[in-house]
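Topology and contacts: notes
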Amino acid sequence: MLEEQKNRAVEWFAALRDALCRDFERLEDAAQESPQPAGRFVRKTWTRDEDRQDECPGPDDRGGGTMSVMHGRVFEKVGVNISEVKGSFSPEFRRSIPGAEASEGRFWAAGISVVAHPCSPLVPAAHMNTRMIVTDHVWFGGGADLTPTFPEDDDTADFHGALKSACDTHPVADYDRYKAWCDRYFFLPHRGEARGVGGIFFDQLASGDWQGDFAFTRAVGEAFLDIYPRLVERHLHETWSEEQRRAQLIKRGRYVEFNLLYDRGTTFGLKTGGNVEAVLMSLPPAVIWP
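Residues numbered from 1 in each chain as written. Predicted model: local features only at pLDDT ≥ 70, side-chain atom pairs only at ≥ 80, totals over all residues. Heavy atoms only, no water.

**A closer look at a nonpolar patch on the surface**
As a reminder, the rule being used: A patch consists of residues whose relative accessible area exceeds 30% and which take part in no salt bridge; residues with like charges are grouped when within 9 Å of each other, and nonpolar side chains (Val, Leu, Ile, Met, Phe, Trp, Tyr) when within 5 Å. To be clear on the numbers: accessible area is Shrake-Rupley with a 1.4 Å probe, and residue cover counts the displayed protein chains and nothing else. Salt bridges are counted wherever a side-chain nitrogen of Lys or Arg sits within 4 Å of a carboxyl oxygen of Asp or Glu. Runs of E in the DSSP output that reach at least two residues are strands. Runs of H or I that reach at least four are helices, and both are numbered from the N terminus.
A contiguous nonpolar patch, built from Leu-260, Leu-261 and Tyr-262 and spanning about 290 Å² of accessible area, is present on the exposed surface. Within the secondary structure layout, Leu-260 lies in helix α6 (residues 242-261).

Structural data, given as structure tokens:
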């Protein structure tokens, strides 16, 4: 049954990737007033490096993923990555992963990661990821959050409303808890400020009802697929100034600081022999620190 569950999760992450890529390319086509050509995703498949001798040695350490990255006239950079990997955690790292010591460090993980950095400073940046992890335990994790340069109350309310609806229709989820978790997680303690306007974050979701946990995980992806393109369309044709562009690049600096200093996904990807380019896909293409 576990193998069937793994296969279902992998198939879902790939299907969600395809749907997101279609919608993002549709947005590129909609920005017809731009002199730039519409962007298209470029896919690159990577295989886990079996020659690594630090965190994940052994012939059974395998897997990989596919990066889908687009640079266009709406999205300065947007990536939609999927992966499926298996291997061993180092003795030091396994102590921080539920069930990893009982499994002697062996793990399997699959997931999807989405990061969008729009060209316009009036269109909010966004992130979404969901994953399934197997050690001695089986659980799901993930979430979605919004990072506008200039927050708009309607955008924030609609984004949170979509995620709340996803939570409210699944008994295994708790919107208030996941929202508060997101606010704590996406926070830069060295600056004393939030990365954005929040969303939801959940981890180690193992309610005892795998079907329910998986259904909720799918609902998070479907909610993001529904709401984020609508927020982009809302601001797609608005003009912006150089001053607003500079503010966007400074805001992106905060994004970089969080992802390199605090993000668990970055640490997990690098510690498990993930493709460095794929792990660091979340970083924006242009940024400044004043």
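Moving on, there is more to tell.
**A word on the sheet that holds strand β4 (residues 106-118)**
So the rule is basically this: For two strands to count as paired, DSSP must find a minimum of two bridges between them. For helices, the fitted axis covers only the stretch in contact; all axes are lines through C-alpha atoms, and the angles between them, taken along N-to-C directions, range from 0 to 180 degrees.
Across the sheet, 7 strands lie side by side as β1-β2-β3-β4-β5-β6-β9; this open sheet has antiparallel pairing. The sheet is open, and its two edges are formed by β1 (42-47) and β9 (198-205), each paired on a single side. Each neighbouring strand pair of the sheet contributes to a mean axis angle of 10 degrees, computed without reference to strand direction. The sheet contact formed by strand β5 (residues 125-134) and strand β6 (residues 138-147) spans 10 bridges and is antiparallel. Residue pairing across strands places Ala-125 opposite Thr-147, the latter belonging to β6.

**Overview of the environment of Pro-148**
Put simply, the test is: Exposed residues in this analysis have more than 50% of their type's maximum accessible area, buried residues have under 20%, and partly exposed residues fall in between, with area computed by a 1.4 Å probe over protein chains only. The contact criterion used is simple: two residues touch if any of their non-hydrogen atoms lie within 4.5 Å.
Structurally, Pro-148 can be placed in the loop between β6 and α3 (153-168). Residue classification places Pro-148 among the buried residues on the basis of a relative accessible area of 10%. A sequence separation of 112 residues divides Pro-148 from Gln-36, and the C-alpha atoms of the two residues are 23 Å apart. In this view, Pro-148 contacts Pro-124, Val-197 and Lys-251; residues no more than four positions away in its chain are not counted.

**Quick word on unusual backbone geometry**
Although it is not a glycine, Gln-204 adopts a positive phi angle of roughly 55 degrees. Within the secondary structure, Gln-204 sits in strand β9. A relative accessible area of 47% places Gln-204 in the partly exposed class.

**Quick word on helix α4 (residues 175-185)**
Keep this limit in mind: Along the arc lie the directions from the helix axis toward the C-beta atoms. By the criterion applied in these results, polar contacts are pairs of N or O atoms within 3.5 Å in which, for protein atoms, one can donate a hydrogen and the other can accept it, and in which residues neighboring in sequence qualify only through two side-chain atoms.
When α4 is considered as a whole, its buried residues turn out to be Tyr-175, Tyr-178, Trp-181, Cys-182 and Tyr-185. Taken end-on, α4 shows its buried residues confined to a sector of 125 degrees, consistent with a single buried face. Exposed residues on α4 whose side chains face more than 90 degrees from its buried face are Asp-176 and Arg-184. Its side-chain oxygen at 3.4 Å from the backbone nitrogen of Asp-176, Asp-174 defines the N-terminal cap of α4.

**Re the packing of aromatic side chains**
Heads up, the rule is: A pair of aromatic rings is counted whenever rings of Phe, Tyr or Trp (Trp by its six-membered ring) have centres within 6.5 Å, and the orientation is called stacked for planes under 30 degrees apart, edge-to-face for over 60 and tilted otherwise. For a Lys NZ or an Arg CZ to count as sitting over a ring, it must be within 6 Å of the ring centre and within 35 degrees of the ring normal.
Taken as a whole and judged by the stated rule, the model has 18 aromatic pairs. With centroids separated by 6.1 Å and ring planes inclined at 85 degrees, the aromatic side chains of Phe-186 and Phe-201 adopt a geometry described as edge-to-face. Here Phe-186 is found in the loop between α4 and β7 (187-188), whereas its partner Phe-201 is found in strand β9, with 15 residues between them in sequence. For the pair formed by Phe-186 and Phe-201, the shared burial category is buried. Geometrically, the ring pair formed by Phe-186 and Phe-258 is tilted, given 5.2 Å between the ring centres and 40 degrees between the ring planes. A residue pair is termed long-range when its members are at least 10 positions apart, and Phe-186 in the loop between α4 and β7 and Phe-258 in helix α6 qualify at 72 residues. Three or more aromatic residues joined by ring pairs form one cluster here, namely Tyr-178, Trp-181, Tyr-185, Phe-186, Phe-201, Phe-202, Phe-216, Phe-258 and Tyr-262. The ring of Tyr-255 is capped by Arg-195, whose NZ or CZ atom sits 4.0 Å from the centre of that ring.

**Some thoughts on a negative patch on the surface**
What counts, and what does not: Note that His is not counted, nor are the chain ends; the positive residues are Lys and Arg, and the negative ones are Asp and Glu. To locate a charge, the coordinates of NZ of Lys, CZ of Arg, CG of Asp or CD of Glu are taken.
There is a patch of like negative charges on the surface, built from Glu-152, Asp-153, Asp-154 and Glu-238. Within the fold, Asp-154 resides in helix α3. What makes Asp-154 exposed here is its relative accessible area of 56%.

**Observations regarding the packing of helix α1 (residues 2-30) against helix α5 (residues 210-235)**
Defined as follows: Angular relationships are summarised with four words: roughly parallel below 35 degrees, roughly antiparallel beyond 145, roughly perpendicular across 65 to 115, and oblique for the angles in between. Residue polarity follows a fixed list, in which Ala, Val, Leu, Ile, Met, Phe, Trp, Tyr, Cys and Pro are nonpolar, Asp, Glu, Lys and Arg are charged, and the others, Gly among them, are polar.
For the pair α1 and α5, interaxial distance at closest approach is 10 Å and the crossing angle is 5 degrees. Overall, the two elements α1 and α5 adopt an arrangement that is roughly parallel. In this structure, α1 uses Gln-5, Arg-8, Ala-9, Trp-12, Leu-16, Ala-19, Leu-20, Asp-23, Phe-24, Arg-26 and Leu-27 to contact α5, whose residues at the interface are Trp-210, Gln-211, Phe-214, Arg-218, Gly-221, Glu-222, Phe-224, Leu-225, Tyr-228, Pro-229, Val-232 and Glu-233. Among the residues making up the contact of α1 with α5, the classes are represented as 14 nonpolar, 3 polar and 6 charged.

**Details of the state of the cysteines**
Operational definition: Here, a disulfide means two cysteine sulfur atoms that sit within 2.5 Å of each other.
In this structure the tally under the stated criterion is 0 disulfides. In this model Cys-167 remains outside any disulfide bridge; the closest cysteine sulfur is found in Cys-182, 11 Å from its own.

**Observations concerning the confidence of the model for the protein chain**
To be explicit about the condition: Predictor confidence is given residue by residue as pLDDT, running from a minimum of 0 to a maximum of 100.
Residues at a pLDDT of 70 or more form 96% of the protein chain, whose mean pLDDT is 92. Low pLDDT, under 50, characterises residues 50-59; the stretch is placed with 14 contacts to residues that sit more than four places away or in other chains.

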